[in-house]
Amino acid sequence: MLLLDSLIAALAPTNLLLALGGVIAGTVVGALPGLTATMAVAVLVPFTFAMQPAPALVLLGAIYTGAIYGGAYSAVLLNTPGTPSAIATTFDGFPMAKRGDGDLAITLACLASVVGGLVGALSLLLFAPPLADFALAFGPIEYFWLAVLGLTLVAALSEGDSLKGLVGACAGLMLSMVGSAVIGGDIRYTMGSSILLGGIGVVPALIGLFCIPVLIDLVASRDEHLELDGKVAGFRLREALRIALADKVNLARSSVIGTIIGVLPGAGGSIAALVAYSEARRASKSRDSFGRGNPSGVIASESANNATVGGGFIPTLVLGIPGTPADAVVLGALLVQGVKTGPSLFNEQGSIVYTFIFGLLIATVLMLPVGLVLGRYAYRSIIAVPKAMLVPAIAFLTVIGSYAIQGNMDDVIVMFGTGLIGWLMSRFGFPPAPIVLGLILGPLAEQGFVQAWMIGSATGNLVGMFFFRPISLAIMAVAALTLLYPTWTRRRERQRLAGGGADAANTAPAASTAATVARVPDHGAAVVAALLAAVAAFALWYANAFSMFGSVFPRTIGAAMLLACFGVVVRSLRGSGKRSPGLPPHDLARSLLLVGAMALWIAVLDDAGMLLASCAGFVALALCADRERLTARRLVAFCAAGIVLVAAFALLFGRLLGVRLPAGSIMPALLS
Amino acid sequence: MQRFVRHSFRRTLAIIAAGTALASAAPALAQSLTYVIPFPAGGESDVTARIQEPVIRQLSGKDVVVQYKTGAGGATAWASLNKLPADGSTVMGINLPHIILQPIQQDVGYKTDDIVNVFIFQLTPDAIVVPADSPFKSLKDLIAAAKAKPGAITMSGSGTHTGPHLSAATFNSLTGVKTTYVPFNGTAPSVAAMMGKQVDAAMTFTTAAIQQGDKVRMLAVALDKRLASHPDVPTFKELGIDMVSGVYRGVAVPKATPEAKRKELSDLFAKVNQDSGYRKKMTDGGFVITDIGYDKVPAFMAQQKTSFEAAAREVGLIK
């Protein structure tokens, strides 16, 4: 009876409208890099205090689930995850968009998000108590092995050079240690800078590592942002449905993985999507097409991250322990509303909870039409915009988006800094994805490891703690399978071919054969690896000053990084291994001009104010990216577009989202 | 080009339209009080601010904008406090012993005396908490077990060099036993670890224990007298352990804020403390309300500084 009453309550017109409005607003906010799902929920929380608890929760749930989906837009179209949960969506989503299948990728993302969201929300409805118990059974060591499982993805994300991928992952892990350590309390690698005291933020680093290289390479090349080849944008719903249906095992598996990882308070959407992606790749017959625009990658990531919404609410509501950062905000809102979460909630305030769960289900279903329409709109605007406008527009989004995270310049500087390092590394064959993987999984791995170490030594059962707990064993088995299965199948394949009389060497990819023949030393890559080795050596030396628990991880990772860097130096000098593209030869000047203009833009942001600096920056970047003859008419168009876009976004961020944008001292000084 | 301008205009319109939907429910942002929380949403500092928020709005007519500036156990926010607008429009949550201990241990970008506290409104007492089905029925059981096997009893808590860390160390030194403190990234994960029996007990706060209802058992609370809501839970003092500790919370303003504005804000938070709805919500949640206004802050801080520094030195946190 309670369930039926709650369903009817959820279907009340106000609740339906709130669900619809929440999904729309969430999708838009989630699509903007820098504005995460957590922020979308946090911005909305104050407005919900004037509402009844159930509709307030419905609205918050709707905006949350919409934002997680919206993150796919910028992941697919700009190679920049709109929310951290969409990291794995970039791996195949952006290559799809590059070849003109952006509309298909977005429609697939929408379908996958709806399915994942439904699985998560239904689990919340049906299996909340047992899943909450599972969350509690997950201890530090399980989190450690989960992080290791996530790190096995490095091999897949290394773009053909696992050693360089390993260097990248170690660099990411080192970056995750910057700031004050939870265990040990040491202040690590801040170099005395207060900007770095709070650590390297995942969101600004994501924007920088993924988006800045895209921008720089965009001005360096003559190609358009996305290759359309005369294709027109459509929904491509039928095609997407066919692909999703054919991939139903992946869809189901990823949704379940998303739900389960969402239940774990220490993990979250990004880790869920990464693990689901890794599993999809391992189980796939065409493993090598992952990372090159395989629709299964998008399906895995997007179904998993939306499943974490429902999954994350399980510990939040059952235990009063937030499953994800966004849930923490919702939990605060609930406490203020006087709804007491925790063990008694489902009995004492069941009607509120069940109305909310049905509201979440409805919102998830509404995401289908909303997502399709908004998605087509986003895709069309990206392909309609010429490159000379797209470059400054994306650059502006990265600046204002990273500023909005905490309302200060620190994150903008971190974004731009990590972006430049990421670009340089990617030009020499160190892809950004492993760095991000290390940055995200670092805290989970380190804290899990050291906590398990402390508990294991205290109870005198260190070996049992690390290797003989049932859930750990299961995760370890999956991790081992992920790492070894590809090698094993490849070897069998080779044996089969060798048995057939074919030369084993013929089965090796053509590119590596060519490299073995040519053997040209890759000096650029060697120099970058040597620089990174120096960083690792410095980090190792610096770790001497840390407390015992604060130094375990820096030492281990620093040593691994030093070794891997050394390996890369040797291989690059010998000319074995995959050759990196190096700096763009023809258009280096144009790239450097863009970097300089953007650096100047960021440097004057505080003094000149967001409006003035960004309008000037917009025009400067448009000129960097423009390859046609500059006429007065074009210049006017650049200026006009810059002013309109900057003003519109300043309005959105400043007025509607309550971000304090820098007003600047020049403008007021000039006016007075 | 024209086509582009039209498209970008349409996109802009769409974004504005979507945003307006979000803002239509928003009250005017004309006169607002920015309330910066140095910890993630959902924590005790946040919950307190959220419960204060409607009362502040009602008393002052000001809209309250809660912002989060997280990192480094709050140090990121406190290091930035004096750079914020100093016109009485911005307050920041502060926690003791955090703002005393952090600057002593290392350079965290601010000094304790850089922070101008205007009102301390609450104490969250420490408590040792175990799962409901734990073999430790009383604190005596736990102490006996720790005596029998030094170091084998594990106790989770939030962070290193924090209130719980210090309290766990004080507990060890006062009882003469050795327990192993395991730091977690926040109160919620430390409580989850205790409930999942990853550790034997949690050194946490009465608030976190009360939220879990009958799934957990408080063995003792670090207060002068028992909690009104939990008359059956003894204090450490009753058990012969002289421990009255916890986290004090209040608000601070940027240094350049004029004296008059400081007093105004102190009066505002004093009035919030008198609100009956607020008092009920806070005490129900396990918080203890304190009334330490701007004029009483210097003496309070001096006393806290002495006692926390002594405790930290005694247990070896300060060399």
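Each residue is numbered by its place in its chain's sequence as written, counting from 1. Ligands are numbered from 1 and chains lettered from A, in the order in which they are written. Only residues with pLDDT of 70 or above have their local features reported here, since the model is predicted, and side-chain atom pairs are shown and tallied only from 80 upward, although totals for entire chains, interfaces and linings are computed over all residues.

A. Summary view of the overall build of chain A. Numbered from the N terminus, helices here are DSSP runs of H or I no shorter than four residues, and strands are runs of E no shorter than two. The helix and strand inventory of chain A stands at 30 helices and two strands. Here the C-alpha radius of gyration of chain A, 25 Å, is about what a compact globule of 672 residues would show, namely 26 Å. For chain A, the spread of C-alpha atoms along the three principal axes comes to 75 × 70 × 55 Å. To sort residues by exposure, count the other C-beta atoms lying within 10 Å of each residue's C-beta; 20 or more gives buried, 12 or fewer gives exposed, and values between give partly exposed, all with C-beta atoms placed from the backbone. For chain A, buried positions account for 62% of its 672 residues. Note that the radius of gyration is over C-alpha atoms, with the globule rule given as 2.2 Å times the number of residues to the power 0.38.

B. Broad picture of the overall build of chain B. Scanning chain B from terminus to terminus reveals eleven helices and ten strands. Each residue gets a C-beta atom placed from its backbone, and two residues are in contact if those atoms lie within 7 Å. The contacts of chain B with a sequence gap of at least 6 include a subset with a gap of at least 24, amounting to 74%.

C. Structural detail: the packing of helix α8 (residues 140–151) of chain A against helix α21 (residues 432–458) of chain A. Residues and elements named next belong to chain A. Note on method: axes are straight lines fitted to C-alpha atoms, helices fitted across the in-contact stretch only, with angles between N-to-C directions ranging 0 to 180 degrees. The interhelical angle for the contact between α8 and α21, taken along N-to-C directions, is 150°, at an axis separation of 7 Å. Of the possible angle classes, the one that applies to α8 and α21 is roughly antiparallel. In this structure, α8 crosses over α21, and the sense of that crossing is left-handed. Residues P140, I141, Y143, F144, L146, A147, V148, G150 and L151 of α8 lie in contact with α21, whose contacting residues are L437, L441, L444, A445, Q447, G448, F449, Q451, A452 and I455. By the convention adopted, Pro, Cys, Tyr, Trp, Phe, Met, Ile, Leu, Val and Ala count as nonpolar, Lys, Arg, Asp and Glu as charged, and the other residues, Gly among them, as polar. Residue classes in the contact of α8 with α21 are distributed as 15 nonpolar, four polar and no charged. Angle categories are assigned with fixed cut-offs, so that under 35 degrees is roughly parallel, over 145 is roughly antiparallel, 65 to 115 is roughly perpendicular, and the rest are oblique. Helix crossings fall into two classes, left-handed where the near helix is turned counterclockwise from the far one by less than a right angle and right-handed where it is turned clockwise.

D. Just the environment of B:T257, in detail. Residues and elements named next belong to chain B. Here T257 lies in the loop between β9 (246–253) and α9 (259–274). Spatially, the C-alpha atoms of T257 and V36 are 15 Å apart, while their sequence positions differ by 221 residues. In this view, T257 contacts A86, G88, V116 and R262; residues no more than four positions away in its chain are not counted.

E. Quick peek at the environment of A:C639. Residues and elements named next belong to chain A. Tracing the sequence through the fold places C639 in helix α29 (residues 632–656). Its 15 C-beta neighbours within 10 Å are what place C639 among the partly exposed residues. In this structure the C-alpha to C-alpha distance between C639 and T36, which are 603 residues apart in sequence, comes to 30 Å.

F. Spotlight on the nonpolar core. By definition, a nonpolar core groups buried Ala, Val, Leu, Ile, Met, Phe, Trp, Tyr and Cys residues that connect through C-beta atoms lying within 7 Å of each other. Core analysis: the largest hydrophobic core is formed by 343 residues, its most contacted members being A:V41, A:V76, A:V167, A:L437 and A:L621. Leave out the neighbours within four places in its chain, and A:V76 touches A:T89, A:G93, A:F94, A:M96, A:A97, A:G102, A:A105, A:I106 and A:A109. Judged by nonpolar contacts, the second largest core, of five residues, contains B:L101, B:L166, B:F308 and B:A311.

G. Region of interest: helix α16 (residues 325–337) of chain A. Residue and element names in this part refer to chain A. To estimate the expected span of a helix, subtract one from its residue number and multiply by 1.5 Å. With 13 residues, α16 should reach 18 Å at 1.5 Å per residue; the first-to-last C-alpha distance of 19 Å fits that figure. Counted residue by residue, α16 has twelve buried out of 13 residues, so it is predominantly covered. G338 sits one or two positions beyond α16 and adopts a positive phi of about 85°.

H. Representation of the confidence of the model for chain B. Values of pLDDT, ranging from 0 to 100, describe the predictor's confidence in every residue of the model. With 87% of its residues at a pLDDT of 70 or more, chain B has an overall mean of 85. Scored by ipTM, the complex comes to 0.86, with pTM at 0.87.

I. Up close: the packing of helix α14 (residues 269–283) of chain A against helix α15 (residues 295–318) of chain A. All names here are of chain A. Packing of α14 against α15 leaves a shortest axis separation of 8 Å and a crossing angle of 145°. For the pair α14 and α15, the sense of crossing is right-handed. Contact residues: G269, A272, A273, A276, Y277 and A280 in α14; S296, G297, A300, S301, A304, N305 and T308 in α15.

J. Looking closely at the pairing of strand β8 (residues 216–221) of chain B. All names here are of chain B. Where burial is concerned, most of β8 is hidden: five out of the six residues are buried. Only strands joined by at least two bridges in the DSSP assignment are considered to pair. Relative to β8, strand β4 (residues 116–131) runs antiparallel, the two being bridged by five bridges. From the neighbouring strand, A127 faces β8, where its bridge partner is V221.

K. Up close: the environment of A:A529. Mapping A:A529 onto the fold places it in helix α25 (residues 523–542). When the C-alpha atoms of A:A529 and A:E279 are compared, they prove to be 30 Å apart, with 250 residues separating the residues in sequence.

L. Spatial organisation of helix α10 (residues 276–284) of chain B. Residues and elements named next belong to chain B. Those residues of α10 that sit buried are Y278, K281 and M282. Projection of α10 onto a plane perpendicular to its axis shows the buried side chains occupying an angular sector of 95°, all on one side. Opposite its buried face, α10 presents the exposed residues S276, K280 and D284, each directed more than 90 degrees away. Where α10 ends, the next residue or the one after it, G286, has phi of about 100°, a positive value. What the arc describes is the spread of directions from the helix axis to the C-beta atoms.

M. Structural view of unusual backbone geometry. Cis geometry is found at the peptide bond from B:L96 to B:P97, where omega equals 10°. Phi is positive for A:N79, close to 60°, though the residue is something other than glycine. Relative to the assigned elements, A:N79 resides in the loop between α4 (53–78) and α5 (87–98). Residue A:N79 is classed as buried on the basis of its 23 C-beta neighbours within 10 Å. Phi at B:K197 is positive, roughly 60°, even though this residue is not glycine. Mapped onto the secondary structure, B:K197 falls in the loop between α7 (187–195) and β7 (201–205).

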